[in-house]
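The primary structure of each chain is shown beneath.
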Amino acid sequence: AIDPLSGDAYILTKQRDGRCDVFRLAAPWDGSKVSMLEAAGSLQFPAAAPIHTIVTAADFSPDGRELIVRSYTCGWLFSRTARESTPKLPASSPQRIVLAAEPQGEAVCFSADGRCLLTISEGSPTQLFECRRCGSDR
């Protein structure tokens with residue numbers, strides 16, 4: 001996931017214990033040399049079956065205020081508060097997001113305007129699903 005506020009890249013680990021470790025690659029990136037990821041903390045998910053909390057994808061909203069984290073079955077939306085002026089991981093408790101019923105959810109991203117989430121599953125053939133964000137101020 002690329003943070004649009006800082007340009008930093010974040011890698012989230014796939015774990016079965018209700019959390020994920022997060023590593024950061026600071027911007028700007030230099031493709032001509034080896035770069036080291038640095039530990040950036042962890043995200044904690046509410047108690048749920050592991051299939052609901054194993055991370056398969058993540059994306060920041062275009063304005064950088066939100067981070068959507070995808071599991072095989074649902075999404076988890078983390079929000080930054082207005083006072084978090086420096087780019088860092090959201091510290092909020094996530095909101096569970098219902099996504100399209102897919103055989104094995106593997107990808108998620110925000111639409112360019114931030115009003116929708118786009119998802120896709122593993123396999124062939126597959127469909128791209130659009131999840132409009134009801135009640136959003138976007």
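Preceding this section is the structure that the text describes.
Each chain has its residues counted from 1, following the order in which its sequence is written. Two thresholds apply to this predicted model, a pLDDT of at least 70 for residue-level local features and 80 or more for giving and counting side-chain atom pairs, whereas whole-chain, interface and lining totals are computed over all residues. Here the side-chain values reflect all heavy atoms present in the structure, with hydrogen atoms and water set aside.

Participant: Residue-level account of the side chain of Ser111, with values.
Facilitator: Structurally, the position occupied by Ser111 is in the loop between strand E8 (105-110) and strand E9 (116-121). Throughout this description, buried means an accessible area under 20% of the type-specific maximum (1.4 Å probe, protein chains only), exposed means over 50%, and partly exposed covers the range between. Overall, Ser111 belongs to the buried group, its relative accessible area being 13%. Of the polar contacts made by the side chain of Ser111, one reaches the side chain of Asp113; its length is 2.7 Å. Helix and strand assignments come from DSSP, with helices taken as H or I runs of at least 4 residues and strands as E runs of at least 2, each series counted from the N terminus. Think of a polar contact as two N or O atoms within 3.5 Å of one another; within protein, one of them needs to be a possible hydrogen donor and the other a possible acceptor, and neighboring residues in sequence only count if both atoms come from side chains.

Participant: Describe the pattern of salt bridges, with residues and values.
Facilitator: Whenever Lys or Arg places a side-chain nitrogen within 4 Å of a carboxyl oxygen from Asp or Glu, that contact is recorded as a salt bridge. This model, assessed by the stated rule, comprises eight salt bridges. A salt bridge links Asp17 to Arg19, with the nearest nitrogen and oxygen atoms 3.5 Å apart. Overall, Asp17 belongs to the partly exposed group, its relative accessible area being 47%. Look at Arg19 and you get partly exposed, because its relative accessible area is 28%. For the salt bridge of Asp63 with Arg65, the shortest nitrogen-to-oxygen distance reads 3.1 Å.

Participant: Can you lay out the sheet that holds strand E1 (residues 9-12) for me, pointing to particular residues and giving the numbers?
Facilitator: A pair of strands is considered paired only if DSSP assigns at least 2 bridges between the two. The strand order across the open sheet formed by three strands is E1-E2-E3, and the pairing between neighbours is antiparallel. Of all the strands in the sheet, the pair left with one neighbour each is E1 and strand E3 (38-44). For this sheet, the mean inter-axis angle between neighbouring strands, taken without regard to orientation, is 30°. When E1 meets strand E2 (residues 19-25), the two strands line up antiparallel, connected through four bridges. Residue pairing across strands places Ile11 opposite Phe23, the latter belonging to E2. To define axes, lines are fitted to C-alpha atoms, for helices over the stretch in contact only, and angles between the resulting N-to-C directions are given on a 0 to 180 degree scale.

Any functional reading would require information that these geometric values do not contain.
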